[in-house]
Amino acid sequence: MSGPMSLLSRVAGGGMAALPELPRPRRVPSWAVGDPVAELAERLSAACSAAVHPDEIAAVLESEGLTDEQITGRYGHPDLFSLARELFETVPRRFPEPEPADDPWQVDVWRCVLRGLTFALPGVAYVLGGRWAGGDDGPFGVSRAVAAWGAAALCGWGWNQALAHRAHLHLLAQRPRAAARCLVTGAAVGDCLAGAAAAAVAGPGHLSALAFAAGQSVYVASATVLLVLGRERSLLYVLTPLAVAVACGAGGLPSPAVAAVLVATAAAAGGAALATALRTALTGEPPERGPAKPPRAPWRERVRADRGAQLRARASRFGRRAAGPGTGTRTTPGRFGRRAAGPGTGTPTAPGRFGRRAAGPGTDTRTTPGRFGRRAAGPGTGTRTGLVSSLRTLPEAARLLWRADDGVTDAKGLSPYLSLPHGMAGLAGGALVVAAALTGEFVAALTVSMGVAEWLLFRFRSRCLTALRGTTVHERLLARSWRVLAGCLALYAVALAALAAVEAAVVPGAAAWNPAHLSVLLALGGTLWLSLLLQSCGRAWTGSYVLAAAVLTAVVLLAAHTATAGTVLGLVCAGAAAVLLTAAFTMTGRVTTHR
């Protein structure tokens, strides 16, 4: 008797309230009345509608405690999986919407265009270095100097592709110092290998060609360091004087002057790369992963601030300028008198332009020489300048770079086998590009298009990720990914054709803009882009195998003199592109590729 009485509650009048209303069972729809399977589907509708396979529903039924007798007697099915299949076919799919997430494949299109320019601008160095390309005949119908340059370029491309991939693995593991050390040491080793390859091809009698190959190797290694660490603009600043010199007719200068220009360019690239690596080792983060810039003020506030600054400068030039906020009403003379101290200081002031200038907020009173007198030091620095600070931190940066200690205690060593397919693909792709250059194809257009190719790779991955998030049926995902792939390939083909037209119209001695040369360019460009696509999707070995097979096939066909070099290159690249396209269609239809 005491059990039910404890559920009663007293009311204000002293009476007894009624028992609380118990929850009523869920109402079964009319179509499910009398059908045990329909009632079960209605009760488990949430789990059944979100399932992607009948086995998921079978696991839910097993967790409900259904026995074999209940499944056979009440629901009329021979086993648990048969009942799960019927529920899976009966209940329509209603998948829960995923939470909105950021797209990791968004990229700035102008950054890709900038990278494309940095890929193409080094080609102007060959305009200056062409004077050292002569000499006795070498392999493949070219001089030994040109063959040495090609051997050094191929060695550098293959090595630096693998080096960049290994450095990116360190960056993904949150080890920027290890990435900087990998880039510096790997670049030095790559320079030695490229120089050895050039020396083996050219021989000891071509010192000028060997010097040019050494500078080429230094630049390629430095460009790899800068591009991996996100310093495309530094590389562009290094290459701009060289491009301007060539445009102004530096090719007609004497050889010592030309050599000085090329040495200065290579040295500037190497210095920028080493400085970037040391800065990364000192700060512990790559430059592009630094803190975000604060948001800019609205344009109206910026205009008012600039106008106010101009008025204050004009007033202080010929009159008296008031002190900053919080300093009272004390004022000081203008241009040729004494200038007020910083806001809220109230400290004695120093003479103006031709005397001593007051220190800024939070600084000491030590000053350094200014334009005509002595100028106050920077905030909290005293007499230490930026150059002295950089020199003082140089030993610490070198120590951190050598130790490569990122604070990751459980980091495991990366196997060189992971970067091997990328190096193979770089070597094979470089061999195809060198062959295209030797046969007189559109190489400049292909080089500039690498920026567009990179942007299209990011666009493809971003569109496929969007399709994956908005598609609930595998067949629809397959169709949408194929359409995205076809669209990206079409856009890249249009870009290649347009750049080839520009090269044919601007570059002297370029190939003619006709179907024969365009077909070779489109086949080669499509092969390289599809190989990069497979690499970005984790199928690097597939692309490297196809490219290596294409190079070997081209060598065999050229050695047998079956056709002209351009015809052989076009046919081989077309076949490789067809194989890579088939692999790409098979791969892009998988859900795991876009996760």
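Please refer to the structure placed before this passage.
Bear in mind the structure is a predicted one, so any value in this text is a computation, not a measurement.

Counted by the stated rule, this structure contains 6 aromatic pairs. Cluster of aromatic residues (ring-pair linked, three or more members): Tyr 126, Trp 149 and Phe 212.

Under the counting rule described, the total for this entry stands at 5 salt bridges. The partner of Glu 39 in a salt bridge is Arg 74, with the nearest N and O atoms 3.6 Å apart. Linking Glu 39 in helix H2 (residues 36-43) with Arg 74 in the loop between helix H5 (68-73) and helix H6 (80-90), this pair joins segments that are 35 residues apart in sequence. A salt bridge links Arg 43 to Glu 64, with the shortest nitrogen-to-oxygen separation between them at 3.3 Å. Taken together, the positions of Arg 43 in helix H2 and Glu 64 in the loop between helix H4 (54-63) and H5 put the pair 21 residues apart, joining distant regions of the chain. A relative accessible area of 40% places Glu 64 in the partly exposed class.

Leu 432, Leu 446, Phe 460, Tyr 492, Leu 524, Trp 529 and Leu 533 are the most contacted members of the largest nonpolar core, which totals 46 residues. Contributing elements (two or more residues each) for this core: helix H16 (420-438), helix H17 (443-470), helix H18 (474-506), helix H19 (515-536), helix H20 (540-559) and helix H21 (565-588). The element best represented in this core is H19, accounting for 10 residues. The residues contacting Leu 432, other than those within four sequence positions of it, are Leu 524, Leu 547, Val 551, Leu 569 and Cys 573. Counting residues in each nonpolar core, the second largest holds 22 residues, with Leu 163, Val 228, Val 238 and Leu 239 among its members.

Attention now moves to the environment of Leu 496. Mapped onto the elements of the fold, Leu 496 is located in helix H18. The exposure class of Leu 496 is buried, given its relative accessible area of 1%. The spacing of Leu 496 and Ala 453 is 43 residues in sequence and 9.7 Å in space, taken between C-alpha atoms. In this view, Leu 496 contacts Ala 445, Leu 446, Ser 449, Leu 521, Leu 522 and Gly 525; residues no more than four positions away in its chain are not counted.

So, on to the packing of helix H9 (residues 144-172) against helix H10 (residues 176-202). It is the contact of H9 with H10, at a shortest axis distance of 8 Å, that shows an interaxial angle of 165 degrees. Taken as axis vectors, H9 and H10 run roughly antiparallel relative to one another. The interaxial crossing formed by H9 with H10 has right-handed handedness. Taken together, the residues of the contact of H9 with H10 sort by class into 22 nonpolar, 3 polar and 2 charged.

Right, let's talk about the packing of helix H12 (residues 232-247) against helix H13 (residues 255-283) for a bit. Two quantities define a packed helix pair, namely the angle between the axes and the distance from one axis to the other. Look at H12 against H13: their axes get within 9 Å of each other, and the N-to-C directions meet at 170 degrees. On the basis of their axis angle, the class for H12 and H13 is roughly antiparallel. Judged by residue contacts, Val 238, Leu 239 and Leu 242 of H12 engage Val 261, Leu 262, Thr 265, Ala 268 and Ala 269 from H13. Looking at side-chain class alone, the contact of H12 with H13 contains 7 nonpolar, 1 polar and no charged residues.

Bringing H19 into the picture now. With 22 residues, H19 should cover 32 Å at 1.5 Å per step; its first-to-last C-alpha distance of 31 Å lies within 8% of that length. Of all the 22 residues making up H19, 16 are buried; the element is thus mostly covered by neighbouring parts of the structure. Of the residues trailing H19, Gly 538 is marked for its positive phi of about 85 degrees.

This brings us to the state of the cysteines. In total, this model carries 0 disulfides according to the counting rule given. The closest cysteine sulfur to the non-disulfide-bonded Cys 488 is located on Cys 464, 7.6 Å from its own sulfur. Of the residues examined, Cys 488 reaches a relative accessible area of 2% and is grouped as buried.

Rules used in this analysis
- Residues numbered from 1 in each chain as written.
- Predicted model: local features only at pLDDT ≥ 70, side-chain atom pairs only at ≥ 80, totals over all residues.
- Heavy atoms only, no water.
- Phe/Tyr/Trp six-rings, centres within 6.5 Å; stacked < 30°, edge-to-face > 60°.
- Salt bridge = Lys/Arg side-chain N within 4 Å of Asp/Glu carboxyl O.
- Helix = DSSP H or I, 4+ residues; strand = E, 2+ residues; numbered from the N terminus.
- Buried < 20%, exposed > 50% of the residue type's maximum accessible area, 1.4 Å probe, protein only.
- Core = buried A, V, L, I, M, F, W, Y, C linked by side-chain atoms within 4.5 Å.
- Contact = heavy atoms within 4.5 Å.
- Axes fitted to C-alpha atoms, helices over the stretch in contact; angles between N-to-C directions.
- Parallel < 35°, antiparallel > 145°, perpendicular 65-115°, else oblique.
- Left-handed = near helix turned anticlockwise from the far one by under 90°.
- Nonpolar A, V, L, I, M, F, W, Y, C, P; charged D, E, K, R; others polar.
- Expected span 1.5 Å × (residues − 1).
- Disulfide = S-S within 2.5 Å.

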